[in-house]
2 protein chains.
Amino acid sequence: MADARRYHDLPSPFAMKRGGALHGAHVAYETWGTLDDDAGNAILILTGLSPSAHAASNADDPSDGWWEAMIGPGKPIDTDRWFVICVNALGSDKGSTGPASINPATGEPYRLDFPELTLEDVANAAHSVVQGLGIECLACLIGCSMGGMAALGYMLQHPGAVRTHVSVDTAPQAQPFAIAIRSLQREAIRLDRNWDHGRYSDDAYPERGMSIARKLGVITYRSAMEWNGRFARIRLDSEERPGNPFGFEFQVESYLQAHARKFVRHFDPNCYLYLSRASDWFDVAEYGDGSVHEGLKRIRIERAMVIGVSTDILFPLEQQEQIAKGLEAAGAQVEFVALDSPQGHDAFLVDIEHYGPAIGGFLDRLD
Amino acid sequence: MADARRYHDLPSPFAMKRGGALHGAHVAYETWGTLDDDAGNAILILTGLSPSAHAASNADDPSDGWWEAMIGPGKPIDTDRWFVICVNALGSDKGSTGPASINPATGEPYRLDFPELTLEDVANAAHSVVQGLGIECLACLIGCSMGGMAALGYMLQHPGAVRTHVSVDTAPQAQPFAIAIRSLQREAIRLDRNWDHGRYSDDAYPERGMSIARKLGVITYRSAMEWNGRFARIRLDSEERPGNPFGFEFQVESYLQAHARKFVRHFDPNCYLYLSRASDWFDVAEYGDGSVHEGLKRIRIERAMVIGVSTDILFPLEQQEQIAKGLEAAGAQVEFVALDSPQGHDAFLVDIEHYGPAIGGFLDRLD
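Keep in mind that what you see is a predicted model, and the values were worked out from it rather than measured.

A. Region of the structure containing the state of the cysteines. All names here are of chain A. Counted according to the given criterion, the structure contains zero disulfides over all chains. Of all cysteine sulfurs, the one in cysteine 144 lies closest to cysteine 140, which takes part in no disulfide; the gap is 11 Å. For cysteine 271, which is in no disulfide, the shortest distance to another cysteine sulfur is to cysteine 86 and amounts to 17 Å. Since its relative accessible area comes to 0%, cysteine 271 is described here as buried.

Structure follows, in structure tokens:
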């Protein structure tokens, strides 16, 4: 399969928010559609913690992307009209420089020597891609989940760089429940002896810790309501049951196991730890003298759509409402969309029936 | 400190629901108040997964019990009127026979040779205590959390043994979200190398797995709403922060750590696994040809109070409503109390201000 990834070299040194700098770093990105001559039709998508820049299929890589149903000709994010960019987060291992990359100073992987990472750094790296493409102002900045927090950081740090914004299933800061979940995910990885303070190898990989972290993620990304309909108390067939004591018995358990299998050894544990902690650290209140509302009021954009779902336990709907109110107080024309999708936080990835028309409608109405 | 525990020898052999039998087994219990001559004033309390039979202080053990504010002279469960019994669950390690006990057949701890445990076995062991005390029919059976499920099993298996019932923060069966959480807790313990298929020792105890299991428990026992008010994003003082990379930084993280410390090495991991799995297995629908409602309709009692809270993510309020409707359809006079306590599933342990008058009022109205 061809690789649609392009690489953008970040300025060297690339200064990090909490100190330190990266040398010779880059981020991976993909694009869809054609940039207008005046570069006025660009949309940037900032992703959740784990996806790559491959948000949708394109000529170079026809495999389905993580938001395949949303992006393409005639789709809600219509690539006949828009030039769409998706950037793999700085600190990830899907093509961008992160803790799994080689540190040019030592010739060895950074591991825990990678500087402290914030979502502002993720935003700044994406902004550098946009600038490199000759785009002064994005027609729209779309941020999903962790990417929604990075998008707020993007707009706070680069006034005038964004005309409109779509905020998807995200928050202006992590609440203690989300911090507790992420802390426990990090702890499961750290407690795995194979993690070994970040010095694991393929032969001794912290598989148990990563599996627990992923399963806890999936539990909090979905919702109890969806699972009642989907799994109820259905048992596995006896031949599907592992022989070990206390092995899996219910369908919901093998569902989690299948998700963990797709993740473990496909995501670098140190990258996961860095991005997870960056999500805990992000706080719009830092830009508003301790007030989230005042922080949001510093964002200067024309219009926004803020979407969330009532079943999201990780980024509860009240937090999306907080974003909507803050952007409105800042002078933007804001549409707030509260959905009842049963799928929880992950609804934006699966409930395209509702997210598609909402986001597509917002973009269609832009002049 | 004196020990208020009494021990009741179970019939030997004691047949288990899923097969096998225990020989020479016993359960621990404590009592408060005085049994009337006609044995008509007895209340039995069945506990959640981890508490002992020490629900409240008494002459032999003046230390606070786990429901101290609820039980005693003049308290909601008034020991001036009622004779109160609390039984430590069969399978627990707080005085009752369980996987940590010596198997008389081998002279070694049972560990995973303990027969498969169900909440019906827990109920039957408690019923045996009640019979041993000369009580034919309980004035009231109170079940909290896991104990609420065991209470349903008690009433289904022993018609005529209970006059009235108080159902607290429980469910007629585990939903997939609760199964997923408990499965992940069990997995964290099983994946700990020190667990070693149940053959751990004090020197090699599965501390990491138990810590993760307990923290996940605490996260799901409480509620996001409570934590927003209690912890928000408050940081630990720098001297409280551990030096390790990715160590704790937020108050909510040290709160979880403190809870884990109080649990790890104070609860036997195998006992935890057995009781956790028993909670997943319990299903009133087994008594109603696959229907929870039909199962509940087989319970014959005079009156019931069913209480739950809207912030409980482990045993959601809809499940308490299901119990209330089923008991009503069975012919009982039912009071359904839906509270908005912010504390989540654990509200019954802390929101005494609301649980006290509700349960106390119900008991006061009994003739």
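B. Up close: the domain arrangement of chain A. All names here are of chain A. Domain boundaries assigned for chain A yield domain 1 (6-174 + 284-365) and domain 2 (178-272). Computed over C-alpha atoms, the centres of domain 1 and domain 2 are 26 Å apart. Each side of the interface is counted separately: domain 1 has 21 residues, and domain 2 has 23 residues. With both sides pooled, the region where domain 1 packs onto domain 2 buries about 1,900 Å², and carbon together with sulfur makes up 63% of that total. Contact with domain 2 buries area across many residues of domain 1, yet Leu49, Arg111 and Leu314 alone supply 28% of it, more than any other trio. In this structure, arginine 222 and aspartate 346 form a salt bridge, with 3.5 Å as the shortest nitrogen-oxygen distance. Counting across the interface, domain 1 meets domain 2 through seven residue pairs in polar contact (both at pLDDT 80 or more). Here the side of domain 1 that touches domain 2 is built from residues that sort into ten nonpolar, seven polar and four charged.

C. Region of interest: the UniProt feature "domain: AB hydrolase-1" (unreviewed entry) in chain A. In the numbering used here, UniProt assigns the feature "domain: AB hydrolase-1" (unreviewed entry) to residues 63-350 of chain A. What you have in residues 63-350 of chain A is 39% helix and 14% strand, and the ends, taken at the C-alpha atoms, are 17 Å apart.

D. Here's a closer look at the sheet that holds strand 8 (residues 83-87) of chain B. All names here are of chain B. Strand order in the open sheet made by the eight strands is 1-4-8-5-11-12-13-14, with mixed pairing throughout. The open sheet is flanked by strand 1 (6-9) and strand 14 (333-339), the only strands paired with a single partner. The mean inter-strand angle of the sheet, taken between neighbouring strand axes irrespective of direction, is 20°. The strands touched by helix 1 (residues 119-132) within the sheet are strand 1, strand 4 (26-32), strand 5 (42-46), strand 8 and strand 11 (138-144), with strand 8 carrying the most contacts at an inclination of about 145°. Contacting strand 5, strand 11, strand 12 (162-168), strand 13 (303-309) and strand 14, helix 11 (residues 352-364) crosses the sheet at an angle of about 175° to strand 13.

E. How the structure looks around the sheet that holds strand 8 (residues 83-87) of chain A. Residues and elements named next belong to chain A. Spatially, eight strands are ordered 1-4-8-5-11-12-13-14 in an open sheet, and the strand pairing comes out mixed. The sheet is open, and its two borders are formed by strand 1 (6-9) and strand 14 (333-339), each paired with just one other strand. Each neighbouring strand pair of the sheet contributes to a mean axis angle of 20°, computed without reference to strand direction. Contacts from helix 9 (residues 317-329) reach strand 12 (162-168), strand 13 (303-309) and strand 14 within the one sheet, and its direction differs from that of strand 13 by about 170°. Across the sheet, helix 11 (residues 352-364) is in contact with strand 5 (42-46), strand 11 (138-144), strand 12, strand 13 and strand 14; its angle to strand 13 comes to roughly 175°.

F. Structural view of the interface of chain A and chain B. The interface of chain A with chain B comprises 53 residues on the first partner and 53 residues on the second. Of the roughly 4,800 Å² buried between chain A and chain B on both sides combined, carbon and sulfur atoms contribute 64%. When the buried area of chain A at its contact with chain B is split by residue, Pro176(A), Arg233(A) and Phe246(A) rank highest and sum to 18% of it. On inspection of chain A and its partner chain B, the count reaches six salt bridges. Note that Arg186(B) and Glu253(A) form a salt bridge whose closest N and O atoms lie 3.6 Å from each other. Taken together, the links from chain A to chain B amount to 22 residue pairs in polar contact (both at pLDDT 80 or more).

G. Fine view of the UniProt feature "binding site: substrate" (unreviewed entry) in chain A. Residue and element names in this part refer to chain A. UniProt feature "binding site: substrate" (unreviewed entry): in the numbering of this structure it lies at Arg214 and Asp346. Taken together, the annotated residues stretch across 133 residues yet fold into one region, lying no more than 13.8 Å apart by C-alpha. Here arginine 214 lies in helix 4 (residues 207-221). Ignoring anything within four residues of it in the chain, the contact list for arginine 214 reads Ser50, Tyr221, His259, Ala260 and Phe263. Here aspartate 346 is to be found in the loop between strand 14 and helix 10 (347-350). The buried category is assigned to aspartate 346, whose relative accessible area is 14%. Residues in contact with aspartate 346, not counting those within four places in the same chain, are Tyr221 and Arg222.

H. Structural detail: the pattern of salt bridges. Evaluation of the coordinates by the stated rule reveals 46 salt bridges over all chains. Residue Asp283(B) pairs with Arg233(A) through a salt bridge whose shortest N-O separation is 3.1 Å. One end of the pair, Asp283(B), is in the loop between helix 7 (269-281) and helix 8 (292-296); the other, Arg233(A), is in the loop between helix 5 (224-230) and helix 6 (251-263), on a second chain. Both residues of the pair, Asp283(B) and Arg233(A), belong to the buried class.

I. How the structure looks around the packing of aromatic side chains. Overall, the coordinates contain 24 aromatic pairs over all chains when judged by the stated rule. Arranged with centres 5.6 Å apart and planes meeting at 90°, the rings of Phe114(A) and Tyr274(A) form a pair that is edge-to-face. Remark: Tyr274(A) occurs in helix 7 (residues 269-281) and Phe114(A) occurs in the loop between strand 10 (108-109) and helix 1 (119-132); sequence separation between them is 160 residues. Given a relative accessible area of 3%, Tyr274(A) falls into the buried group. When the centroid spacing of 5.8 Å and the interplanar angle of 75° are considered together, the rings of Phe263(B) and Tyr272(B) count as edge-to-face. Taken individually, Phe263(B) and Tyr272(B) each receive the classification buried, so the pair is uniform in this respect.

J. Highlighting the relation of the copies chain A and chain B. Overlaying chain A on chain B yields an RMSD of 0.0 Å, the required transformation being a rotation through 180° with an accompanying axial translation of 0.0 Å. Look at the turn and shift together and you get a two-fold axis relating the two. The share of interface residues of chain A whose copies in chain B are also at the interface is 100%, consistent with both copies meeting through the same surface.

Conventions we followed
Residues numbered from 1 in each chain as written. Chains lettered and ligands numbered in written order. Predicted model: local features only at pLDDT ≥ 70, side-chain atom pairs only at ≥ 80, totals over all residues. Heavy atoms only, no water. Disulfide = S-S within 2.5 Å. Buried < 20%, exposed > 50% of the residue type's maximum accessible area, 1.4 Å probe, protein only. Domains from an automatic or database assignment. Contact = heavy atoms within 4.5 Å. Buried area = accessible area lost by both parts, 1.4 Å probe. Salt bridge = Lys/Arg side-chain N within 4 Å of Asp/Glu carboxyl O. Polar contact = N/O pair within 3.5 Å; in protein donor to acceptor, adjacent residues only side chain to side chain. Nonpolar A, V, L, I, M, F, W, Y, C, P; charged D, E, K, R; others polar. UniProt positions renumbered as here; feature names shortened; annotations may be inferred. Helix = DSSP H or I, 4+ residues; strand = E, 2+ residues; numbered from the N terminus. Pairing = 2+ DSSP bridges. Axes fitted to C-alpha atoms, helices over the stretch in contact; angles between N-to-C directions. Phe/Tyr/Trp six-rings, centres within 6.5 Å; stacked < 30°, edge-to-face > 60°. Least-squares fit on C-alpha atoms with pLDDT ≥ 70 in both.

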